[in-house]
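Analysis of the macromolecular model
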Amino acid sequence: MGRKGDQTRARLLDATQELIEAGGYSAAGLNQVIAASGMPRGSLYFHFPGGKDHLVTEALRRAGREIEQAVRDLADAAPDTVSLVTGVIHLLADRLEASGWRKGCPVATVALEMAAGNDALQQVCAEVYDSWEAILRERLAAGGHPDADDAATTVLALIEGALLLARARRSREPLDRAARKVAALL
């Protein structure tokens, strides 16, 4: 695919990511994606011949990789697991607040909305969460944590829950509280 094709695909994915993160699967109708991206309908079907599910699946994978890379970058710089987790929480809190409380977790809204009834989207959401949890588990195990598997799941659940509360309250306080409690949990 040439540069123009890559740019078109990227614009479609950008628009879809914005729409699904802010409003979930239902907010990312094909007409909304076309309007938000400024791309013609034919381009959407050329790049995503599987239609809406194909587009949303790719947008979720892409968003997941972006957060995964940010967490890996923080993991490389953090001296310990507590610093890593608090860094992730602060990064996500800043992102959420800067977006006007629209950008929490890039997959949570779709996971809550569609995972029970759409196997393909459920699988992608699970893969994204698994990749984030793996980074935490690796760091916890490297730091000698006695139960890295359970601790990684607990930390991810803490972050996801705090993001949900922060978004619902339009306040970063739940995330700040979670960050303060991480040291006690780990």
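Residues numbered from 1 in each chain as written. Predicted model: local features only at pLDDT ≥ 70, side-chain atom pairs only at ≥ 80, totals over all residues. Heavy atoms only, no water.

1. Looking at the overall build of the chain
- Each helix and strand counted, the chain has 9 helices and 0 strands in total.
- Listing every helix and strand of the chain by position from the N terminus yields α-α-α-α-α-α-α-α-α.
- Its C-alpha atoms give the chain a radius of gyration of 17 Å, within 12% of the compact-globule value 16 Å for 186 residues.
- Overall, the C-alpha framework of the chain stretches about 55 × 35 × 35 Å when taken along its three principal axes. (Helix = DSSP H or I, 4+ residues; strand = E, 2+ residues; numbered from the N terminus. Rg over C-alpha atoms; globule rule 2.2 N^0.38 Å.)

2. Structural notes on the packing of helix H5 (residues 81-98) against helix H7 (residues 119-142)
- Running from N to C, H5 and H7 cross one another at 155°; their axes reach a closest spacing of 9 Å. The pairing of H5 with H7 is recorded here as roughly antiparallel in orientation. Where H5 abuts H7, its residues Thr81, Leu84 and Val85 lie against Leu136, Arg139 and Leu140.
- By residue class, the composition of the contact of H5 with H7 is 4 nonpolar, 1 polar and 1 charged. (Axes fitted to C-alpha atoms, helices over the stretch in contact; angles between N-to-C directions. Parallel < 35°, antiparallel > 145°, perpendicular 65-115°, else oblique. Contact = heavy atoms within 4.5 Å. Nonpolar A, V, L, I, M, F, W, Y, C, P; charged D, E, K, R; others polar.)

3. Regarding H7
- With 24 residues, H7 should reach 34 Å at 1.5 Å per residue; the first-to-last C-alpha distance of 34 Å fits that figure.
- Positive phi shows up at Gly144, right after H7, with a value of about 85°. (Expected span 1.5 Å × (residues − 1).)

4. Observations regarding the side chain of Glu21
- Looking at the element boundaries, Glu21 is found in helix H1 (residues 3-23).
- Under the relative-accessibility criterion, Glu21 is labelled buried at 3%.
- Among the polar contacts listed, one links the side chain of Glu21 to the side chain of Arg95, at a separation of 2.6 Å.
- Those residues in contact with Glu21, other than ones at most four positions away along the chain, are Arg95, Arg102, Lys103, Gly104, Cys105, Pro106, Thr109 and Arg167. (Buried < 20%, exposed > 50% of the residue type's maximum accessible area, 1.4 Å probe, protein only. Polar contact = N/O pair within 3.5 Å; in protein donor to acceptor, adjacent residues only side chain to side chain.)

5. Quick word on the side chain of Arg62
- As for its placement among the helices and strands, Arg62 is situated in helix H4 (residues 51-77).
- For Arg62, a relative accessible area of 18% corresponds to the buried category.
- A polar contact is formed between the side chain of Arg62 and the side chain of Asp14, at a distance of 2.7 Å.
- Ignoring sequence-local partners within four residues, the contact set of Arg62 consists of Ala10, Leu13, Asp14 and Gln17.

6. Digging into H1
- Taking 1.5 Å of rise per residue, 21 residues should cover 30 Å, and H1 covers 30 Å from first to last C-alpha, within 8% of that figure.
- Listing the buried residues of H1 in full gives Gly5, Thr8, Leu12, Leu13, Ala15, Thr16, Gln17, Leu19, Ile20 and Glu21.
- The first or second residue beyond H1 is Gly24, which carries a positive phi of 85°.

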